[in-house]
Amino acid sequence: MIAAVPRSGWHVAAVVEASPETPSARRLVLDVPTWPGNAAGQHLDVRLTAADGYTATRSYSIASSGPGTRVVLAIDRLPGGEVSPFLVDEVRTGDEFEVHGPLGRFFVWHPVEPGERLTDAAADGPRPVQLIAGGSGVVPLVAIASAHGAAHDPTQMRMLVSVRTPEDAFFAAELAELARASDAFALDHAYTRRAPDGWTGHVGRLTRDEVERSVVPAADAPLVYVCGSTGFVERVASWLIELGHDPRAIRTERFGGT
Ligand SMILES: Cc1cc2nc3c(=O)[nH]c(=O)nc-3n(C[C@H](O)[C@H](O)[C@H](O)COP(=O)(O)OP(=O)(O)OC[C@H]3O[C@@H](n4cnc5c(N)ncnc54)[C@H](O)[C@@H]3O)c2cc1C
């Protein structure tokens, strides 16, 4: 990788922190001096440029939101992948690469700001919100849950995170703290391979019954955000529709894969 030179619409990002997030993933904190700020739920494109000029570009969700030049990403290593093993295993503090964004208008959520009358809020504001993530798909939902917590938004928000094992949960401490700090935010987990000691629920691939039990019921007309691998998102979205959720209220972000 060579020092990044900004092109039109691109920003230079410097890695200021790189820390393990899960056994297969890493959290990167970037400083992007020209970053315009971003809404909760948006993503950016990362472009890596090799010494011979070869470039590779991939999308990554942003775990942070609001104004400011710090941008938080969390990248899961896809064995044999071109970009993610580099970002997880090779990138060092002080390295630079290019980013383009913020991107995405549909998969965003805005808190109701303190003092704002609910009737003045964006149409999305006062509806209950259900967040559903598979693995690294939790990243943009962390931005949404954090924005909800920071704004002391009274909107009921519930999050269901499906992970292989407890160690595979991204931003686990931050999400647990948000749930502890606010009655308006509830956090549920599903475990596909191994659950924590004392867990009495099902262990295995997420099922329609678990989704039905763990999410805001269709009768409450929640706005639902689903994010993860393409296969996960499609399965969950089809269950939600079978369970009576309005397809127009289901927002999806597909990371790829099956
Ligand atoms: C909007 C958006 C946001 C994203 N946000 C994140 C994020 O926050 N964190 C994160 O870790 N990733 C995220 N991704 C996925 C990311 O863009 C890359 O696809 C991923 O890092 C793999 O890139 P790679 O170059 O390592 O693998 P590649 O060399 O591109 O892919 C190798 C093979 O794996 C398949 N594949 C690609 N993605 C997946 C997947 N998710 N699961 C299984 N197989 C896959 C490909 O089809 C290909 O066959 C996001 C994707 C999108 C579209």
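Source: prediction; values computed, not measured.

J.: Mind showing me how you'd approach the overall build of the chain here?
T.: If you tally the helices and strands in the chain, you get 5 helices and 11 strands. In terms of overall dimensions, the chain is globule-like: its C-alpha atoms have a radius of gyration of 18 Å, near the 18 Å expected for 258 residues. By its C-alpha atoms, the chain is 55 × 45 × 30 Å across when sized along the principal axes. Going through the 258 residues of the chain one by one, you find that 50% of them count as buried. Taking as baseline every contact in the chain between residues at least 6 positions apart, the subset at least 24 positions apart corresponds to 74%. Working note: accessible area of the chain is about 12100 Å², and carbon and sulfur atoms make up 52% of it. A distance of 3 Å separates the average location of the 23 positive side-chain charges in the chain from that of its 32 negative side-chain charges.

J.: Is there a simple way to think about the environment of Thr192 in this case?
T.: Here Thr192 lies in the loop between β9 (185–191) and α4 (208–214). Of the residues examined, Thr192 reaches a relative accessible area of 26% and is grouped as partly exposed. Sequence separation between Thr192 and Thr69 is 123 residues, and the spatial gap between their C-alpha atoms is 36 Å. Setting aside residues no more than four positions away along its own chain, Thr192 makes contact with Ser162, Val163, Arg164, Val203, Gly204, Arg205 and Leu206.

J.: Sorry, what's going on with the sheet that holds strand β5 (residues 70–76) here?
T.: Either a parallel or an antiparallel arrangement is found when strands of a sheet pair, and the pairing is made through backbone hydrogen bonds. Spatially, β4-β3-β6-β1-β2-β5 is the arrangement adopted by the 6 strands of the open sheet, whose pairing is antiparallel. Only two strands of the sheet have a single neighbouring strand rather than two, namely β4 (55–61) and β5. Between one strand axis and the next, the sheet turns through 35 degrees on average, direction left out of account. Note that strand β1 (residues 10–22) and strand β6 (residues 96–103) share 5 bridges and pair antiparallel. The residue of β6 that forms the bridge with Ala13 is Phe97.

J.: Where do I start with the site of the ligand in this structure?
T.: Contacts to the ligand come from 21 residues, most closely from Arg58, Ser59, Tyr60, Val83 and Ser84. Arg58 is positioned such that a nitrogen or oxygen atom in its side chain is 2.8 Å from an oxygen atom of the ligand. Here an oxygen atom of the ligand and a backbone polar atom of Asp76 are 2.8 Å apart. Expressed as a share of its isolated accessible area of 920 Å², the protein-covered part of the ligand is 71%. Those elements that provide at least two residues to the shell around the ligand are β4, β5, α1 (84–90) and β11 (250–254).

J.: Would you mind showing me how to read the sheet that holds β9 here?
T.: Across the sheet, 5 strands lie side by side as β9-β8-β7-β10-β11; this open sheet has parallel pairing. The sheet is open, and its two edges are formed by β9 and β11, each paired on a single side. Strand-to-strand twist in this sheet, taken as the mean axis angle between neighbours without regard to direction, amounts to 15 degrees. One ladder, built from 5 bridges, connects strand β10 (residues 223–228) with β11; its direction is parallel. Among the inter-strand pairings, Val226 is bridged to a residue of β11, identified as Thr252. Set on the sheet, helix α2 (residues 138–150) makes contact with β7 (129–134), β8 (157–163), β9 and β10; between it and β8 the angle comes to about 155 degrees.

Definitions and limits used
- Residues numbered from 1 in each chain as written.
- Predicted model: local features only at pLDDT ≥ 70, side-chain atom pairs only at ≥ 80, totals over all residues.
- Heavy atoms only, no water.
- Helix = DSSP H or I, 4+ residues; strand = E, 2+ residues; numbered from the N terminus.
- Rg over C-alpha atoms; globule rule 2.2 N^0.38 Å.
- Buried < 20%, exposed > 50% of the residue type's maximum accessible area, 1.4 Å probe, protein only.
- Contact = heavy atoms within 4.5 Å.
- Areas by Shrake-Rupley, 256 points an atom, 1.4 Å probe, with all protein chains shown as cover.
- Lys, Arg positive; Asp, Glu negative; His and termini not counted.
- Charge placed at Lys NZ, Arg CZ, Asp CG, Glu CD.
- Pairing = 2+ DSSP bridges.
- Axes fitted to C-alpha atoms, helices over the stretch in contact; angles between N-to-C directions.
- Near = heavy atom within 4 Å.
- Polar contact = N/O pair within 3.5 Å; in protein donor to acceptor, adjacent residues only side chain to side chain.

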